[in-house]
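Secondary and tertiary structure notes
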Amino acid sequence: NDNQNLEKLAVAKAAIKFVKNNDVVGLGTGSTATIAIKELAKLMVNGLKIIGVPSSEATKELAASLGIPLLELGKVNSIDISIDGADEFTENFELIKGGGGALFREKIVASLSKNRIIITDSSKKVNNLGAFKVPIEVLPTAYQYVVDQLEKLEGSVTLRYKDDKIFITDNLNYIVDVDFGLIDYPEKLGVALNQIDGILAHGIFIKLTTTILMAKDGNVITYSK
Ligand code: DER
């Protein structure tokens, strides 16, 4: 609704203030990141020079349509600043991402970035991760094995569908959304998930955020490390 869009615009405008001329900018995915990308394009009209690195095909198309010069993620070894959304976050800079299904490339973009800005709102702030199911990208050929391993970790696994068809990611994989209940030790769970062959990436982002900008009652609250 209008208020939500105003909140997204407020954090998007705050985030792009961190972007310097000639920065290589990691471009996030989702509705909030989309607004930030559009704001970046406006700054370019006023002379800001940036090169974008998209975190999804959707973001690549959006950025290209706005005339933002792009570099392919696979050809980049360093990003100055990335701006992206989140589905849940804690004050310890622990995130759940992947609501939009782009978590693998988003994680690579974040990992390559010196500065990582998360733009979000107070509805996503939690004390413990886990109310939002953890999105996990799974190679289809390992699907049943991965489901079994996730259930051994007490996860309740749902294969993600979109318009009555199995959702397929930009990397041609499945997404499962896994309910682990409230996650007391997200880093530990993340490590356990990384041990499961067939998982390409999971949506628990730890130590991948330097600044969180949260819209709340018309203000922007900044959490930074
Ligand atoms: O899928 C993602 O990781 C997105 O960044 C998501 O976490 C936030 O999307 P939103 O800005 O549309 O809420």
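If you're wondering where the values come from, they're calculated on a predicted model, not measured in any experiment.

What to know about the sheet that holds strand β15 (residues 219-224)
- Strands sit in the order β2-β1-β3-β6-β14-β15 across an open sheet of six strands; the sheet is mixed. Looking at which strands have only one partner, the edges of the open sheet turn out to be β2 (50-54) and β15. Across the sheet, the mean angle separating the axes of adjacent strands is 20 degrees when strand polarity is ignored.
- In this structure, strand β3 (residues 79-84) lies alongside strand β6 (residues 113-121), joined through five bridges in parallel fashion.

Looking at the packing of helix α2 (residues 31-45) against helix α3 (residues 57-65)
- Contact pair α2 / α3: the axes reach a minimum separation of 10 Å and the direction vectors enclose 25 degrees. It follows that α2 is roughly parallel to α3 by the angle criterion. Crossing of α2 over α3 shows right-handed handedness. On α3, the residues touching T34, I37 and K38 of α2 are T59, L62 and A63.

Side note on empty space enclosed by the protein
- One pass over the structure, following the stated rule, counts one cavity of 30 Å³ or more.
- Taken as a whole, the largest cavity holds about 80 Å³ of empty space.
- S82, D84, E106, A110 and I118 are, among the 13 residues lining the largest cavity, the residues nearest its centre.
- The residue inventory of the lining of the largest cavity, partitioned by class, reads six nonpolar, three polar and four charged.

Some points on the environment of G52
- Following the sequence through the fold, G52 ends up in strand β2.
- On the accessibility criterion, G52 (0% relative accessible area) is buried.
- It is 30 Å that separates the C-alpha atoms of G52 and P186, two residues lying 134 residues apart in sequence.
- Aside from chain neighbours lying at most four places away, what touches G52 is V25, L27, I68, P69, L70 and L71.

Quick word on the packing of aromatic side chains
- Inspection of the entire model under this criterion finds two aromatic pairs.
- A cation over an aromatic ring shows up here: K97 above the ring of F205, its NZ or CZ 5.7 Å from the ring centre.
- Directly above the ring of F167 sits R160, whose terminal nitrogen or CZ lies 5.8 Å from the centroid.

Re the site of the ligand
- Near the ligand there are 14 residues, and of these S31, T32, D87, G100 and K124 occur at the shortest range.
- Between the ligand and the protein, one listed contact pairs an oxygen atom with a side-chain N or O atom of T32 at 2.7 Å.
- For the ligand, whose unbound accessible area comes to 350 Å², protein coverage reaches 89%.

Brief notes about unusual backbone geometry
- Even without a glycine there, the phi angle at N22 is positive, about 70 degrees.
- With respect to the helices, strands and loops of the structure, N22 is situated in the loop between α1 (2-16) and β1 (23-27).
- Positive phi, normally seen in glycine, also occurs at D217, with a value near 45 degrees.
- With respect to the helices, strands and loops of the structure, D217 is situated in the loop between β14 (211-216) and β15.
- Residue class for D217 comes out exposed when judged on its relative accessible area of 64%.

With respect to the pattern of salt bridges
- One pass over the structure, following the stated rule, counts 13 salt bridges.
- Salt-bridge contacts for E91 lead to K125; the nearest nitrogen and oxygen are separated by 3.0 Å. Placement of E91 in the loop between β4 (88-89) and β5 (95-96) and of K125 in the loop between β6 and β7 (134-138) is noted, with a sequence separation of 34 residues between them.
- Look at E91 and you get partly exposed, because its relative accessible area is 47%.
- Relative accessible area serves as the criterion here: at 28%, K125 is assigned to the partly exposed category.
- When the shortest N-O distance is used, the salt bridge between E187 and K207 registers 2.7 Å. Here the residue E187 occupies a position in helix α6 (residues 186-194), and K207 occupies one in the loop between β13 (204-205) and β14, the gap between them amounting to 20 residues.
- The network of salt bridges with shared partners includes K13, E39 and K42.

Rules behind the numbers
The residue numbering used here restarts from 1 in each chain and proceeds along that chain's sequence as written. pLDDT decides what is reported in this predicted model: residues at 70 or higher carry local features, side-chain atom pairs at 80 or more are listed and counted, and totals for whole chains, interfaces and linings draw on all residues regardless. For the side-chain quantities, the full set of heavy atoms in the structure was used; hydrogens and water were omitted. When DSSP finds two or more bridges between two strands, those strands count as paired. Put simply, DSSP H or I for four residues or longer makes a helix, DSSP E for two residues or longer makes a strand, and each gets a number counted from the N terminus. For helices, the fitted line uses only the C-alpha atoms of the stretch in contact; every axis is such a line through C-alpha atoms, and the angle between N-to-C directions lies from 0 to 180 degrees. For classification, angles of less than 35 degrees are called roughly parallel, those exceeding 145 degrees roughly antiparallel, those between 65 and 115 degrees roughly perpendicular, and all remaining angles oblique. Two helices crossing with the near one rotated counterclockwise from the far one by less than a right angle form a left-handed crossing, whereas a clockwise rotation gives a right-handed crossing. In this description, contact between two residues means that some pair of their heavy atoms is separated by no more than 4.5 Å. We place a 1 Å grid over just the protein atoms. Points where a 1.4 Å probe fits but has no way out form a cavity, open points with protein on both sides within 12 Å along at least 5 of 7 lines form a pocket, and any residue with an atom within 4 Å of a point lines it. Grid points are joined across faces, edges and corners, and a volume is the space filled by probe spheres set on the points. Under this grouping Gly is polar, as are all residues other than the nonpolar Ala, Val, Leu, Ile, Met, Phe, Trp, Tyr, Cys and Pro and the charged Asp, Glu, Lys and Arg. The rule is simple: take the accessible area with a 1.4 Å probe, protein chains only, and divide by the maximum for that residue type; under 20% is buried, over 50% is exposed, in between is partly exposed. Aromatic rings from Phe, Tyr and Trp, with only the six-membered ring used for Trp, were paired whenever their centres fell within 6.5 Å, and each pair was classed as stacked if the ring planes differed by under 30 degrees, edge-to-face if by over 60, and tilted otherwise. Here, over-ring charges are defined by two tests on the NZ atom of lysine or the CZ atom of arginine: distance to the ring centre within 6 Å, and angle to the ring normal within 35 degrees. Note on terminology: near, applied to a residue and a molecule or strand, indicates that one of the residue's heavy atoms is within 4 Å of it. Residues adjacent in sequence count toward polar contacts only when both atoms are side-chain atoms; beyond that, a polar contact is any pair of N or O atoms within 3.5 Å, and within protein one must be able to donate a hydrogen and the other to accept it. Each accessible area is a Shrake-Rupley result for a 1.4 Å probe, and residues are judged covered by the shown protein chains and nothing else. Note on definitions: salt bridges are taken to be side-chain nitrogens of Lys or Arg within 4 Å of carboxyl oxygens of Asp or Glu.

What is shown is where atoms sit, not what they do.
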